[in-house]
Amino acid sequence: DATGDLGGGTVLLGGDVHGANASILNARQTYVGGGTHIAADAMHSGKGGQVVVWSEELTRYLGSVTARGGVISGDSGFVEISSRGGLNFAGSVDLLAPHGAMGTLLLDPNTITIVHGASGAASNDNQLLQNVPTNGQAAGQILFNDGGAPPAVPAFTITDGALRDINANIVLQAYTSIITDASSGSVDLTLQGKNSLTLQTQNNSAAGVIDLSNAVAFGTTSGKIAIS
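This one's a predicted model, so the numbers in the text were calculated from it and none came from an experiment.

A. Looking closely at the sheet that holds strand E9 (residues 92-94). Spatially, three strands are ordered E3-E6-E9 in an open sheet, and the strand pairing comes out parallel. Unpaired on one side and paired on the other, strand E3 (37-39) and E9 mark the two borders of the sheet. Taking the axes of each pair of neighbouring strands and ignoring which way they run, one obtains an average angle of 10 degrees across the sheet. Taken together, the three bridges between strand E6 (residues 64-66) and E9 define a ladder with parallel strand orientation.

B. Representation of the pattern of salt bridges within the structure. A complete count under the given rule lists five salt bridges for this structure. The shortest N-O distance in the salt bridge between Arg-84 and Glu-56 comes to 2.8 Å. In this pair, Arg-84 is assigned in the loop between strand E7 (78-81) and strand E8 (86-89) and Glu-56 in the loop between strand E4 (50-53) and strand E5 (58-61), connecting sequence segments 28 residues apart. With a relative accessible area of 45%, Arg-84 lands in the partly exposed category. Close ionic contact of Arg-68 with Asp-94 constitutes a salt bridge, the shortest N to O distance being 3.3 Å. In this pair, Arg-68 sits in the loop between E6 and E7 while Asp-94 sits in strand E9, placing the two residues 26 residues apart along the sequence. Overall, the relative accessible area of 31% leaves Arg-68 in the partly exposed class. With a relative accessible area of 18%, Asp-94 lands in the buried category.

C. Looking closely at the nonpolar core. Judged by nonpolar contacts, the single largest core of 37 residues is most densely connected at Ile-81, Phe-89 and Leu-172. Among all residues touching Ile-81, those that are not within four sequence positions of it are Val-53, Thr-59, Tyr-61, Leu-87, Phe-89, Val-93, Leu-105, Leu-106, Leu-107 and Asp-108.

D. Main features of the packing of aromatic side chains. Counted according to the given criterion, the structure contains one aromatic pair. With a centroid separation of 5.2 Å and an interplanar angle of 35 degrees, the aromatic rings of Tyr-61 and Phe-89 are classed as tilted. Placement of Tyr-61 in strand E5 and of Phe-89 in strand E8 is noted, with a sequence separation of 28 residues between them.

E. Representation of the side chain of Ser-76. Its place among the elements puts Ser-76 in the loop between E6 and E7. With a relative accessible area of 4%, Ser-76 lands in the buried category. Apart from the residues lying within four places of it in its own chain, the contact partners of Ser-76 are Lys-47, Gly-48, Ala-67, Arg-68, Gly-69, Leu-95, Leu-96, Ala-97, Ala-101, Met-102 and Gly-103.

F. Fine view of the sheet that holds strand E10 (residues 104-107). Strand order in the open sheet formed by seven strands is E1-E4-E7-E10-E13-E16-E19, and the pairing between neighbours is parallel. Each end of this open sheet is capped by a strand with a single partner; those strands are strand E1 (10-13) and strand E19 (225-227). When strand polarity is set aside, the average angle formed by the axes of neighbouring strands in this sheet is 10 degrees. Of the strand pairs in this sheet, E4 and E7 are connected by four bridges, and their pairing is parallel. The residue of E7 that forms the bridge with Val-53 is Ile-81.

G. View of the side chain of Ser-196. By the element assignment, Ser-196 lies in the loop between strand E15 (187-191) and strand E16 (197-201). Non-local contacts of Ser-196, meaning those with residues more than four positions away in its chain, are made with Ala-168, Asn-169, Ile-170, Leu-191 and Lys-224.

What counts and how
- Counting starts from 1 at the beginning of each chain's written sequence and moves along it residue by residue.
- Confidence filtering applies because this is a predicted model: local features only for residues at pLDDT of at least 70, side-chain atom pairs given and counted only at 80 or more, and all residues used for totals across whole chains, interfaces and linings.
- The side-chain numbers reported here are obtained from all heavy atoms of the structure, hydrogens and water having been left aside.
- DSSP calls a pair of strands paired once it identifies at least 2 bridges connecting them.
- Under the DSSP-based scheme used, a helix requires at least four consecutive residues in state H or I and a strand at least two consecutive residues in state E, with every element numbered from the N terminus.
- Lines are fitted to the C-alpha atoms to define the axes, a helix being fitted only along its stretch in contact, and any angle between axes, read from their N-to-C directions, falls within 0 to 180 degrees.
- When a carboxyl oxygen of Asp or Glu lies within 4 Å of a side-chain nitrogen of Lys or Arg, that pair is called a salt bridge.
- Remark: exposure states derive from per-residue accessible area (1.4 Å probe, protein chains only) relative to the maximum for the residue type, with buried under 20%, exposed over 50%, and partly exposed in between.
- Definition of nonpolar core: a set of buried residues of the types Ala, Val, Leu, Ile, Met, Phe, Trp, Tyr and Cys, connected through side-chain atoms within 4.5 Å.
- Contact definition: two residues touch when any of their heavy atoms are within 4.5 Å.
- Planes of paired rings set the category: under 30 degrees apart is stacked, over 60 is edge-to-face and the rest tilted, where pairs are Phe, Tyr or Trp rings (Trp by its six-membered ring) whose centres lie within 6.5 Å.

Right under this line is the structure:
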């Protein structure tokens, strides 16, 4: 809880923005459970705070984050839930501001695939639940030796329903590619509120691509779309 009457504070779990702050030791893996709530709200007035959930290999996020602007005045804050490797996103983020600008959520793994489904679907925590219990370990319990090397090209899949449910300006920033996959149904990525959606890739190689050809709808009712 990093809420404040005149502004939200800062919560750093596993690293700072992009894992680029040398004074913050980056975690190898970071897990935010479904019963975890992280708050960096401005209670009365002022701007929402900053929350970063980061890892070098794998981030599992099932919880909830709020970094809202004050109820009297103030913009909402900034949240990054990312990993240099693999990302498992099945939680919620609320960056609404009653009397200010909506905040920004940044997701920036290696690759991003958008599929059709409900919020949290295809983004579950099977990697954790399928752990084989040893030495008295319960299923779903994380131990220090549960890591292992990430896949050669870590994959991140998020549903169109999960994206539509996020109350924030969304930035999908993949190093290599952002694609839509209709194998589980037609992808409908039409945001219903005032939030905007930004798609960015950083890799200039042949693998670096943004491909939305499998989406039947892509847009926003009153926000903005940016692709680069």
